[in-house]
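So you can see what is in the structure, the chains are spelled out below.
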Amino acid sequence: MSTDNPLITQLRSIVGPTNVLNEGDLSAWELDWRKRERGHALAVVRPASTAEVASVVKACAAAGVSIVPQGGNTGMVVGSTPDASGTQVVLSLTRMNQVRALDGANLTITVDAGCVLQSIQDACEQAGFLFPLSLASEGSCTIGGNLGTNAGGTQVVRFGNTRELCLGLEVVTPQGEIWDGLTGLRKDNTGYDLRHLMIGSEGTLGVITGATMKLYPLPKAQLTAFAAVPSLDAAVQLLGLAHQHLSAGLTGFEVMGQFALSLVTKHFAQIKVPFQNTDFPYCVVLENSDQESEAHARERFEHLLEVAMEQGCVVDAVVAESITQARALWHIRESIPLAQAQEGLNIKHDISIAVSRIPEFVRQTDALLQAAYPGARLVNYGHLGDGNLHYNVQAPEGGDAEAFLRDDEKGVNGIVYGMVDQYKGSISAEHGIGSLKRDKLVQHKSPVALDMMRAIKRALDPHNLMNPGRMLSIK
Ligand code: FAD
Ligand code: 2HG
Ligand code: ZN
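Residues numbered from 1 in each chain as written. Chains lettered and ligands numbered in written order. Predicted model: local features only at pLDDT ≥ 70, side-chain atom pairs only at ≥ 80, totals over all residues. Heavy atoms only, no water.

Trainee: Describe the pairing of strand β4 (residues 88-92), and please don't skip the residues or the numbers.
Mentor: Counting buried positions along β4 gives five out of five residues, so the element sits mostly inside the fold. Across the two faces of β4 the burial is the same, with Gln-88, Val-90 and Ser-92 and Val-89 and Leu-91 all buried. The sheet contact formed by strand β3 (residues 67-70) and β4 spans four bridges and is parallel. Its bridge partner lying in β4, Val-68 is registered against Val-90. (Buried < 20%, exposed > 50% of the residue type's maximum accessible area, 1.4 Å probe, protein only. Helix = DSSP H or I, 4+ residues; strand = E, 2+ residues; numbered from the N terminus. Pairing = 2+ DSSP bridges.)

Laid out in structure tokens, this is it:
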């Protein structure tokens, strides 16, 4: 074990020698989830407390060494792994994984930032509460990463993004100071809201070490349906009916194109997908959570589906009869990213457009892509309930990978993002910018907004030591 570097020696004395990794296979921390980029860290440092994080940040700041905060490393935009220079410290929060307090009367839970999302959901459920943030990566992503990216997921239509679920943060600043904002207050108008500045800042403004999050009552019943719809327009019509009939009971509304579903069948033969080999281009997963009873939930849900069938926006549907069946239906939807990874080269677009305009956007953009890249395969699915599409494109089979990845205005990204601009949409609805979309941010965000963002970054992190090169480039 090399001890040449005085910073490494200092870091070892702060977190203990076994929690500073700088030898052997560090791919779990250095390689991003999509395997797009492999970086090289000076060291991976694993503190166990907020005080240790503060000391690590102070030591790195004194040495002029930059820090990459990392949670579960499930991010989609290459934001949590080091660059290739071998000079950055990866600050992994996963040893900070304790629930600090659960306040039932205040409907809040306070947790360490390294808690895995699923462990928070489980702790809340055991105490009789719902923590509604839900993503397919919940078994390994952390709440710090969810806050860092302002993650979305499948329940946003009812509960909002991670931002809407957060009532307080504890943050270590780029200077190594600790800001304790874990108030749990629902009302607090005492100046700029620093919590909202930190949420979605992708590790560029400080290290989130703790969070106070909102809880909800557990629903009495939850029903899930998988419905075949004749078009994307029909899916939007169904969403309107679902809002009308279920109101706040509508907790999930996901759309999936048939090609996306066919990849699940192809790569995971054990998963049974309803309504395949039919003429219907899309399927929808809908979820109804009910605070009254199972019977009440079923009556409302079945009525909604009847009306939708009468109006022709649903052609066929199955309603889960048990929790196991409901999980199986959700599992189909959640398996799409993994099936896409198995299928090979793809370009992801995590976009949002006003829900009402999504069908028109998809018609026009599909046509442009097919004209430019004959045989390109559209893996179109996502959180239709909140207007967030994963409008992904799989390379044509046996096609030229280099031509497919061409990244100018005539390339796949250029075509899609050009249309997103025309529709006044966003190029990143929930995954963030990282390093993968940093140049795209400059092209698609207004210069005024970019100037304000850079001013904030320079004020809080004048030496550009927190996740440099991610989200914004600072000269
Ligand atoms: P990481 O990947 O480790 O980090 C992400 C970013 O946050 C980095 O910029 C990092 O520097 C920063 N960060 C991490 N921890 C901290 C901290 N403590 N303080 C400050 N900054 C920090 N995302 C969605 O929004 N919705 C989805 O539905 C969704 N589904 C997914 C499904 C799959 C199968 C996978 C693999 C990913 C999915 N994601 C989704 C993306 C990813 O899971 C989320 O972005 C998640 O919030 C990242 O959490 P993490 O702990 O893995 O963060
Ligand atoms: C999802 O909703 C994730 O499944 C991943 O946000 C999306 O892989 C993707 O494009
Ligand atoms: Zn998503």
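Trainee: Break down the layout of surface pockets for me, with residues and values.
Mentor: Computed from the structure, the second largest pocket encloses a volume of approximately 680 Å³. Secondary structure elements with two or more residues in the lining of the second largest pocket: α5 (143-149), α8 (194-198), α17 (438-444) and α18 (447-460). With three residues, the single largest contributor to the lining of the second largest pocket is α18. Among the residues making up the lining of the second largest pocket, the classes are represented as eleven nonpolar, 14 polar and six charged. (1 Å grid on protein atoms, 1.4 Å probe; cavity = no way out; pocket = protein on both sides within 12 Å on 5 of 7 lines; lining within 4 Å. Points joined across faces, edges and corners; volume = space filled by probe spheres on them. Nonpolar A, V, L, I, M, F, W, Y, C, P; charged D, E, K, R; others polar.)

Trainee: For the site of ligand 1, give the residues involved together with the corresponding values.
Mentor: Every one of the 33 residues lining ligand 1 counts as a neighbour, but Pro-69, Gly-71, Thr-74, Ser-137 and Thr-142 are closest to it. In this structure, Gly-203 approaches ligand 1 through a main-chain N or O atom, which is 3.5 Å from a nitrogen atom. Considered on its own, ligand 1 offers 980 Å² of accessible surface; in the complex 97% of this is hidden by protein. It is α5 that provides the largest number of residues to the shell around ligand 1, a total of four residues. (Near = heavy atom within 4 Å. Polar contact = N/O pair within 3.5 Å; in protein donor to acceptor, adjacent residues only side chain to side chain. Areas by Shrake-Rupley, 256 points an atom, 1.4 Å probe, with all protein chains shown as cover.)

Trainee: A description of the coordination of the zinc ion (ligand 3) should follow, citing residues and the corresponding values.
Mentor: Every protein donor of the zinc ion (ligand 3) is listed here as His-383 (NE2), His-390 (NE2) and Glu-430 (OE), and their distances to the metal cover 1.9 to 2.1 Å. Motif for the zinc ion (ligand 3), donor spacing along one chain: H-x6-H-x39-E. Placement of His-390 in strand β19 (residues 388-394) and of Glu-430 in the loop between α16 (412-422) and α17 is noted, with a sequence separation of 40 residues between them. Since its relative accessible area comes to 5%, His-390 is described here as buried. (Donors = N, O, S within 2.8 Å, 3.2 Å for Na, K, Ca; no water.)

Trainee: Quick one: what's the story with the nonpolar core, residue by residue and with numbers?
Mentor: Counting residues in hydrophobic clusters, the biggest one holds 53 residues, and the most contacted among them are Leu-238, Phe-253, Leu-286, Phe-361 and Tyr-391. If you list the elements that add at least two residues to this core, you get β12 (221-229), α9 (232-246), β13 (250-257), β14 (282-290), α11 (294-310), α14 (358-372), β19 and α16. Leu-130, Ile-208, Met-213 and Tyr-216 belong to the second largest nonpolar core, which has 29 residues in total. (Core = buried A, V, L, I, M, F, W, Y, C linked by side-chain atoms within 4.5 Å.)

Trainee: So what about empty space enclosed by the protein? Which residues, and what values?
Mentor: Considering all chains together, one arrives at one cavity of 30 Å³ or more under this definition. Within this model, the largest cavity holds a volume of roughly 30 Å³. Taken together, Thr-204, Lys-457, Asn-464, Asn-467, Pro-468, Gly-469, Arg-470, Met-471 and Leu-472 form the lining of the largest cavity. Looking at the lining of the largest cavity residue by residue, the classes come out as three nonpolar, four polar and two charged.

Trainee: A description of the site of ligand 2 should follow, citing residues and the corresponding values.
Mentor: Taken together, Met-76, Arg-333, Pro-337, Lys-348, Tyr-381, His-383, His-390, Asn-392, Glu-430 and His-431 are the residues near ligand 2. The side chain of His-390 places a nitrogen or oxygen atom 3.0 Å from an oxygen atom of ligand 2. In this structure, His-431 approaches ligand 2 through a side-chain N or O atom, which is 2.7 Å from an oxygen atom. Coverage of ligand 2 by the protein chains reaches 89% of its 290 Å² of free accessible surface. Taken together, the elements giving at least two residues each to the shell around ligand 2 come down to β18 (377-383) and β19. Across the shell around ligand 2, the residue classes tally to three nonpolar, four polar and three charged.

Trainee: Any details on the sheet that holds strand β10 (residues 207-214)? Residues and values, ideally.
Mentor: In any sheet, the strands associate via hydrogen bonds between backbone groups, in a parallel or an antiparallel arrangement. The strand order β5-β6-β10-β8-β9 describes an open sheet built from five strands, whose pairing is antiparallel. Every interior strand has two partners, whereas the edge strands, β5 (99-103) and β9 (178-181), have only one. Adjacent strand axes in the sheet meet at a mean angle of 10° when their direction is disregarded. Relative to strand β6 (residues 108-112), β5 is paired through four bridges, and the arrangement is antiparallel. Bridge assignment links Leu-102 to a residue of β6, and that residue is Ile-109. The strands touched by helix α3 (residues 50-63) are β5, β8 (166-172), β9 and β10; relative to β8, the strand with the most contacts, the crossing angle is about 45°. (Axes fitted to C-alpha atoms, helices over the stretch in contact; angles between N-to-C directions. Contact = heavy atoms within 4.5 Å.)

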